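# Structural features, examined
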Amino acid sequence: MQATESSLLPTASALAAWLRLEQTGGVGLMTAHALLERFGTPEAIFQAGYDALRAVVKSARARALLAPPSVYLDQQVDAVQAWRAQPGNLLLTYDHPEYPALLRQIAAAPLMLYVKGNPALLHRLSVAMVGSRNASLMGMQNAERMARALSEAGVTIVSGLALGIDAAAHAGGLAGAGGTVAVIGTGADRIYPASNEMLARRIAEQGCIVSEYALGTPPLRDNFPRRNRVISGLARAVLVVEAAARSGSLITARLAVAQDRDVYAMPGSVHATLSKGCHRLIRDGAKLVETAADVLSELNMGVDAVATGSHFDDSFVDRVLIAMGDEPIRAETLAVHLQQSAAELQGQLLALELAGLLERLPGGWFQRLRS
């Protein structure tokens, strides 16, 4: 019998144990996972005696685990349950069957994920896109175009809801079928930065927002580098679009390498400060990518894979190429000629681009390639 949604939710006592484990002083995520591996559940951990705990952790941590829970624990449980009862909100504990499989593989995986929006996006083929908060206009345009093209091919875009490249990547992801996931460094009931409020609301409605932090957590400085491991952990690969030599995006790239994820970087001018981080990554072994086709090729998503989702066939190829003519044409104009929706056509155009039959030009234009 298939489990119902309500049957998968932790009881109040189980939720209290998860919150208590997360908040126990001196017990970090690595220690928490070692305890879970030994005892199975947080409730079993707190029911274990001192000697059993000492077999896993040092004496100070064992005593911390045996200390009475916080007097505020019941209030926290009530707050989480009230938040979870709101439409579109979901709490995934580490033992929940819908906890993202890729994220479960990383060291120090979050014990709990607060999710707003569509949790199915956490299980799809994803690419993380990160870069400078103080991005150039060209960098922003490159990020949005790349994210849009990948999303139109069915790839989910993961980023961190920051200003600059992150925001552009989310906007591009929302434009395609792949959608976008925002991993935030505050509680799931808060939005930061405030200037991205409208974008965050769109992501909550059309994509997915994820946080490992307790409700009400403010935008503390140390939270953001820490959340980067979740950004890379949810994705098959990390793409750095634009980054200075000391950019925080390089932290995400290093985490990705440690998690056995691929790292891609977009090159730029040798004179541009915001290209130095990407060039350094490329020198260190990151794969140079310039187009969505490059990324899809690295992901082993060839023409057939993209075409299958786009209802691509030989007769359609002929119709598109004839309709394109010899001059550049916008996708919207081509969609009118073909009497087809622009959203569906974008995926098919990407398949043709991967096949080498057309070229994507700046500004949403396409050019047929002559043989």
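As a reminder, the structure under discussion sits directly above these lines.
Residues numbered from 1 in each chain as written. Predicted model: local features only at pLDDT ≥ 70, side-chain atom pairs only at ≥ 80, totals over all residues. Heavy atoms only, no water.

This part takes up the overall build of the chain. Scanning the chain for helices and strands turns up 18 helices and 12 strands. Relative to a compact globule of 371 residues, whose C-alpha radius of gyration would be 21 Å, the chain shows 23 Å and is just as compact. The dimensions of the chain, computed from C-alpha atoms along their principal axes, are 75 × 50 × 35 Å. Residues counted as buried form 49% of the 371 residues belonging to the chain. Across the chain, the mean location of the 33 positive side-chain charges is 9 Å away from that of the 34 negative side-chain charges. (Helix = DSSP H or I, 4+ residues; strand = E, 2+ residues; numbered from the N terminus. Rg over C-alpha atoms; globule rule 2.2 N^0.38 Å. Buried < 20%, exposed > 50% of the residue type's maximum accessible area, 1.4 Å probe, protein only. Lys, Arg positive; Asp, Glu negative; His and termini not counted. Charge placed at Lys NZ, Arg CZ, Asp CG, Glu CD.)

Here we take up the nonpolar core. Leu 21, Leu 35, Leu 65 and Val 181 are the most contacted members of the largest nonpolar core, which totals 62 residues. Examining the composition of this core, we find that 6 residues originate from one element, helix H1 (residues 12–23), more than from any other. Residues within four places of Leu 35 in sequence aside, it is in contact with Leu 21, Val 27, Gly 40, Ile 45, Leu 53, Val 56, Val 57 and Leu 65. (Core = buried A, V, L, I, M, F, W, Y, C linked by side-chain atoms within 4.5 Å. Contact = heavy atoms within 4.5 Å.)

Taking 1.5 Å per residue, 16 residues should reach 22 Å; helix H8 (residues 137–152) reaches 22 Å between its end C-alpha atoms and fits that length. For H8, the full list of buried residues reads Gly 139, Ala 143, Met 146, Ala 147, Ala 149, Leu 150, Ser 151 and Glu 152. Looking one or two residues beyond H8, the residue adopting positive phi is Gly 154, at roughly 95 degrees. (Expected span 1.5 Å × (residues − 1).)

Another aspect to go through is the sheet that holds strand S10 (residues 329–330). Read from one edge of the open sheet, 3 strands run S10-S12-S11, paired in antiparallel fashion. The sheet is open, and its two borders are formed by S10 and strand S11 (358–361), each paired with just one other strand. Across 2 bridges, the pairing between S10 and strand S12 (residues 365–368) is antiparallel. Bridge pairing in S12 links Arg 330 to Trp 365. (Pairing = 2+ DSSP bridges.)

Describing an aromatic ring pair means giving the distance of the ring centres and the angle of the ring planes. Under the definition given, this model contains 3 aromatic pairs. Plain terms: the ring middles of Tyr 192 and Phe 224 are 5.7 Å apart, the flat faces sit at 45 degrees to each other, and that makes the pair tilted. Here the residue Tyr 192 occupies a position in the loop between strand S5 (180–183) and helix H10 (197–206), and Phe 224 occupies one in helix H11 (residues 223–233), the gap between them amounting to 32 residues. Owing to a relative accessible area of 41%, Tyr 192 belongs among the partly exposed residues under this scheme. Phe 224 gets classed as buried once you look at its relative accessible area, which sits at 13%. (Phe/Tyr/Trp six-rings, centres within 6.5 Å; stacked < 30°, edge-to-face > 60°.)

With that out of the way, let us pick up unusual backbone geometry. Cis rather than trans, the peptide bond between Tyr 192 and Pro 193 has omega equal to -5 degrees. With respect to the helices and strands, the residue Pro 193 is situated in the loop between S5 and H10. Non-glycine residue Ala 108 carries a positive phi angle of around 55 degrees. Structurally, Ala 108 is set in the loop between helix H7 (101–104) and strand S2 (112–117). The class for Ala 108 is buried, based on a relative accessible area of 18%.

All right, on to the sheet that holds strand S1 (residues 89–93) then. Taken in spatial order, the 9 strands of this open sheet run S1-S2-S6-S5-S4-S3-S7-S8-S9, and their pairing is mixed. One side of each edge strand has no neighbouring strand; the edge strands of this open sheet are S1 and strand S9 (287–288). Pairing between S1 and S2: 5 bridges, direction antiparallel. In the sheet register, Leu 90 faces S2, and the bridge partner there is Val 115. Packing of helix H13 (residues 276–283) onto the sheet brings it into contact with strand S7 (237–240), strand S8 (262–265) and S9, and relative to S8 it is tilted by some 135 degrees. (Axes fitted to C-alpha atoms, helices over the stretch in contact; angles between N-to-C directions.)

With that settled, consider the side chain of Arg 20. Residue placement: Arg 20 occurs in helix H1. The charged side chain of Arg 20 is buried without a salt bridge, its nearest counter-charge being Glu 43 at 9.6 Å. Not counting residues up to four positions away in its chain, the partners in contact with Arg 20 are Phe 46, Leu 65, Leu 66, Ala 67, Pro 68, Pro 69 and Leu 73. (Salt bridge = Lys/Arg side-chain N within 4 Å of Asp/Glu carboxyl O.)

Along helix H2 (residues 29–39), the residues classified as buried are Leu 29, Thr 31, Ala 32, His 33, Leu 35, Leu 36 and Phe 39. The secondary structure elements touched by the buried residues of H2 are H1, helix H3 (42–47), helix H4 (50–54), helix H5 (59–66) and H11. Taken from the residues just after H2, Gly 40 is the one with a positive phi, measuring 95 degrees.

In short, the description is geometric, and any link to function would need to be established separately.
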